[in-house]
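Each chain, written out:
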Amino acid sequence: MLYLRVPRLFEDLALAWLDGRIPRLIDKLTRVQLLVLDDFGTDSLTDQQRFHLFEIDRREGPTSPTPYRIVNAHRIVLQGDTMRKQKQPPS
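Here's what I pulled together on the structure shown here. (Residues numbered from 1 in each chain as written. Predicted model: local features only at pLDDT ≥ 70, side-chain atom pairs only at ≥ 80, totals over all residues. Heavy atoms only, no water.)

Time to look at the overall build of the chain. A tally of helices and strands in the chain yields four helices and two strands. Ordering the α and β elements of the chain from the N terminus gives β-α-α-β-α-α. Counting only residues that meet the buried cut, the chain has 24% of its 91 residues in that class. Pairs at least 24 residues apart make up 67% of the contacts formed inside the chain by residues separated by at least 6 positions. (Helix = DSSP H or I, 4+ residues; strand = E, 2+ residues; numbered from the N terminus. Buried < 20%, exposed > 50% of the residue type's maximum accessible area, 1.4 Å probe, protein only. Contact = heavy atoms within 4.5 Å.)

It is worth spelling out the packing of aromatic side chains at this point. One pass over the full model with this rule turns up one aromatic pair. Between Trp17 and Phe51 the ring centres are 6.1 Å apart and the planes differ by 80 degrees, which places this aromatic pair in the edge-to-face class. Taken as a pair, Trp17 in helix α1 (residues 6-19) and Phe51 in helix α3 (residues 47-58) lie far apart in primary sequence, 34 residues in all. (Phe/Tyr/Trp six-rings, centres within 6.5 Å; stacked < 30°, edge-to-face > 60°.)

Once their charged atoms are close, side chains differing in charge can pair, the charge on each being opposite to the other. Under the counting rule described, the total for this entry stands at four salt bridges. As a salt-bridge pair, Arg21 and Asp19 come within 3.0 Å of each other at their nearest N and O atoms. A relative accessible area of 32% places Arg21 in the partly exposed class. (Salt bridge = Lys/Arg side-chain N within 4 Å of Asp/Glu carboxyl O.)

Moving on, we get to the nonpolar core. Formed by 14 residues in total, the largest nonpolar core has its most connected members in Leu13, Leu29, Leu35 and Ile56. Per-element accounting of this core gives the leading share, five residues, to α1. (Core = buried A, V, L, I, M, F, W, Y, C linked by side-chain atoms within 4.5 Å.)

Taken together, the side chains of Leu15, Trp17, Leu18 and Phe51 present a nonpolar region at the surface, about 460 Å² in accessible area. With three residues, α1 is the largest single contributor of residues to the nonpolar patch. Leu18 sits in the exposed class, given a relative accessible area of 70%. (Patch = residues over 30% accessible without salt bridge, like charges linked within 9 Å, V, L, I, M, F, W, Y side chains within 5 Å. Areas by Shrake-Rupley, 256 points an atom, 1.4 Å probe, with all protein chains shown as cover.)

So, on to α1. With 14 residues, α1 ought to run about 20 Å at 1.5 Å a step, and its terminal C-alpha atoms sit 20 Å apart, in line with that. Within α1 the residues assigned to the buried category are Val6, Leu9, Phe10, Leu13 and Ala16. Buried residues along α1 cover an arc of 125 degrees about the axis, so they all sit on one side. Those residues of α1 that are exposed and aimed more than 90 degrees away from the buried face are Leu15 and Leu18. Among the structural elements, β1 (2-5), α2 (22-31), β2 (35-38) and α3 are those in contact with the buried residues of α1. (Expected span 1.5 Å × (residues − 1). Arc of directions from axis to C-beta.)

This is the structure:
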């Protein structure tokens, strides 16, 4: 399992695209059995971001035993207080 916040994922993908690491990064992302993308859909996607997601989604073959299907994603809505409030140091 790999947990990633989508804004950070897109930053990493953009940097990897610029310095030529994009094939390695996409291979890494497609090797995990479960890719959890948090904060997905909070902003509209650029053409490049859509392209990268498509590349991650369509990868199949020897480097990816389990093909991803983003269309099979599940939205989980959490209720209750955030744990972030509990982790703040007392003032």
